[in-house]
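Observations on the three-dimensional arrangement
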Amino acid sequence: MISIAQPLISDQEIEEVVKVLKSGFIAQGPKVAEFEEKFAEYIGTEYAVATSSGTTALHLALLSLGLKKHDEVITTPFSFAATANSILYTGAKPVFVDINPQTYNLDPYKIEEAITEKTKAIMPVHLYGQPAEMDSINQIAEKYDLKIIEDAAQAHGAIYKDRMAGSLGDIACFSFYPTKNMTTSEGGMITTNNSKLADTARILRAHGETERYTHTILGYNFRMTDIAAAIGLVQLKRLNNFNNSRIKNAKYLTTHINEICGITPPFVADQVKHVFHQYTIKVENGKRDKLKDYLTEREIGTGIHYPKTIYNQILYQNLGIKGNCIQADKAANEVLSIPVHPGLNTDDLKEIIAALKEASEKILK
Ligand SMILES: Cc1ncc(COP(=O)(O)O)c(C=O)c1O
C-alpha cells in the first residue's frame, strides 16, 4: 500500500523525546520555549506561541483579536472544519466566500460583497500548501479596517512573494498533526509580530493566569508539552528537506499527469512557493469517485480534501449558517489528493503514474 501520508520520525526525534522524558520536565517547559523561538525565527515573525493543536491555535488567535458574539469573520468553506469551527467557538459567525477554482483558495474578488458592519476579520487558508492571494486580501482588510488571521495549518515553509506563510497577516496558525509537512504528534503554533496578541494568547493558553494563581480572564489549558516540542525542534530542522522532496515529487507527478487524459494537475500561482501538503488533482465529469476506487484497488492511498463544503455539514445546517459558493461545491465533487509525501520512492511514483494512465484508458475516457 502506498499511503496518502506518512510522518517521518528518525532516531533523532526518538532520542530527543527520551531526553525530555528523563529530564523530569514533561509538560510545558524549556523545550516549548526553544521551539517557539526557533519557529518564530524560521517564519520571520517576532513571536510564536505553541499550543496543543492547530485548532486551539486558531481558537486562541481569534480570542486574542477580541472576536465575540455578533461579530462576523469571512472565510472559505473549502477547508477542514476546524477553520470555521474556531470562529464558532468565540461566538462569532463564519461568513463563507467562494474560492478561486484554480488555486482552491479564497477568491479575493468575492470578499467585498460579503462585508457588513459586523465583519471584523478575514481568515484565508493556504490550502494544500499554496499561499492565498494575500496582497489583494491585505488591501481589502486595510480598506475596511479588518484583521487577518492566516490559517497556515497546511503551509509550513510556503512562500508568498519572498515572505513566509505565517507572516502575511495580523496573526497566523499552524498545525503539527502527523499528516502535516512537519509534526509534533498533536500540536499547533501561533505566529505574529504583535506583542499584545502574543501576550494575550499566552495568557489564554494557561487559564488566563497573569501570575501564578491569579486568573484575570477566562482561559484554557491549550499548552503544548515539552515531549511534543522536542519532536518539533528536530522536525523543524528537517522541514526544508521534507518540502524539497514534496516539491520534487509534485514536479514528477505533474510532468506525467500533463500527458494523461481526464486528469488536471494542481495549478501553481506565480510568485509563490507551494509546499504540497497535498497534491490534489481534478477529475471532472463525475468520474472522481471511480478513479478513487480504482486507485484503492491498486493499493494507492487517496484522500478527498474536502468532500463537502463546510456550510453543507450537518452542524452548520443545524445552526442555520448558510453559504452559496458554486466553485467550492464543484471542487468538492472533483478533487482527489494522491500521495506526494517525502516517504515516497521512485518506484512508488512510477506506480502511481502507471495506475493513473491505466485508469485514464479504462474509466476516464
Ligand atoms: C486548514 C486546517 N485548519 C486547521 C486544522 C486544525 O489543526 P489540528 O488538527 O492540529 O487541530 C487543520 C488540520 O487538521 C487544517 O488542515
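Residues numbered from 1 in each chain as written. Predicted model: local features only at pLDDT ≥ 70, side-chain atom pairs only at ≥ 80, totals over all residues. Heavy atoms only, no water.

**Brief notes about unusual backbone geometry**
Definition in use: Strands here are runs of E lasting at least two residues and helices are runs of H or I lasting at least four, both read from the DSSP assignment and numbered beginning at the N terminus. Relative accessible area decides the class of each residue, using a 1.4 Å probe on protein chains only: under 20% of the type maximum gives buried, over 50% gives exposed, and in between gives partly exposed.
The peptide bond linking H305 to Y306 adopts the cis configuration, its omega dihedral lying at 15°. Relative to the helices and strands, Y306 resides in the loop between helix 8 (288–297) and helix 9 (314–319). Located in the positive-phi region is D145, a residue other than glycine, with phi close to 55°. Note that D145 resides in the loop between helix 5 (134–144) and strand 5 (147–151). Look at F276: it is not a glycine, yet its phi comes out positive at around 45°. Inspection of the secondary structure puts F276 in the loop between strand 12 (272–273) and strand 13 (279–282). When its relative accessible area of 6% is taken as the criterion, F276 is described as buried.

**Some points on the pairing of strand 2 (residues 72–75)**
Defined as follows: By convention a crossover is right-handed if, when the strands point away from the viewer, the path from the first strand over the helix to the second runs clockwise. We call two strands paired when DSSP finds no fewer than two bridges between them.
Of the two faces of strand 2, both are covered, the one formed by E72 and I74 as well as the one formed by V73 and T75. Regarding the hand of the β-α-β motif, the stretch spanning strand 2, helix 4 (residues 82–89) and strand 3 (residues 93–96) is right-handed. Pairing of strand 2 with strand 4 (residues 119–123) involves four bridges; the strand directions are parallel. Bridge pairing in strand 4 links T75 to M123.

**Some points on the nonpolar core**
This is how the line gets drawn: By nonpolar core is meant a set of buried Ala, Val, Leu, Ile, Met, Phe, Trp, Tyr and Cys residues that side-chain atoms within 4.5 Å join together. Boundary definitions for the domains trace back to an automatic or database domain assignment. Here, two residues are considered to be in contact whenever any of their heavy atoms come within 4.5 Å of each other.
Counting residues in each nonpolar core, the largest one holds 44 residues, and the members touching the most others are F78, I257, I281, L291 and L356. Among the secondary structure elements, those contributing two or more residues to this core are helix 7 (226–257), strand 13, helix 8, helix 10 (326–334), strand 14 (335–338) and helix 11 (346–364). Counting the residues that make up this core, at least three belong to each of domain 1 (11–234) and domain 2 (240–364). Once you skip the residues sitting within four places of it in the chain, I257 turns out to touch I263, P265, Y279, I281, I338, I353 and L356. Among the nonpolar cores identified, the runner-up in size contains 24 residues, and Y42, F176, A229 and L239 belong to it.

**A closer look at the sheet that holds strand 9 (residues 188–192)**
Note the threshold: Fitted lines through C-alpha atoms give the axes, limited to the stretch in contact for helices. The angle between two N-to-C directions lies from 0 to 180 degrees.
With mixed pairing, seven strands are arranged side by side in an open sheet as 1-9-8-5-4-2-3. Each edge of the open sheet carries a strand with a single partner, namely strand 1 (47–51) and strand 3. Going from strand to strand, the sheet's axes swing by 25° on average, the running direction of each strand aside. With four bridges connecting them, strand 2 and strand 3 associate as parallel partners. Following the sheet pairing, T75 is matched in strand 3 by F96. Lying over the sheet, helix 3 (residues 54–64) contacts strand 1, strand 4, strand 5, strand 8 (171–175) and strand 9, oriented at roughly 165° with respect to strand 8.

**Some remarks on the environment of R246**
Mapped onto the fold, R246 is located in helix 7. Setting aside residues up to four positions removed in sequence, R246 forms contacts with T179, K180, N181, V275, F276, H277, V340, H341 and P342.

**So, the domain arrangement of the protein chain**
Just so we agree on the cut-off: Each of two parts loses accessible area, computed with a 1.4 Å probe, when they are put together; buried area is these two losses added. Whenever Lys or Arg places a side-chain nitrogen within 4 Å of a carboxyl oxygen from Asp or Glu, that contact is recorded as a salt bridge. Here a polar contact is recorded for every N or O atom pair within 3.5 Å, except that within protein the pair must consist of a potential hydrogen donor and a potential acceptor, and residues adjacent in sequence are included only if both atoms are side-chain atoms. Charged means Asp, Glu, Lys or Arg here, nonpolar means Ala, Val, Leu, Ile, Met, Phe, Trp, Tyr, Cys or Pro, and polar covers whatever is left, Gly included.
When cut into domains, the protein chain gives domain 1 (11–234) and domain 2 (240–364). Every contact between the two is made by 36 residues of domain 1 and, on the other side, 35 residues of domain 2. Summed over both sides, the interface of domain 1 with domain 2 buries roughly 3100 Å², with 61% coming from carbon and sulfur. Counting the contacts that link domain 1 with domain 2 gives zero salt bridges. Where domain 1 touches domain 2, the interface holds 21 residue pairs in polar contact (both at pLDDT 80 or more). Looking at the side of domain 1 that touches domain 2, the elements that each hand over two or more residues are helix 4, strand 3 and strand 6 (159–160). Among the residues forming the side of domain 1 that touches domain 2, the class breakdown is 20 nonpolar, 12 polar and four charged.

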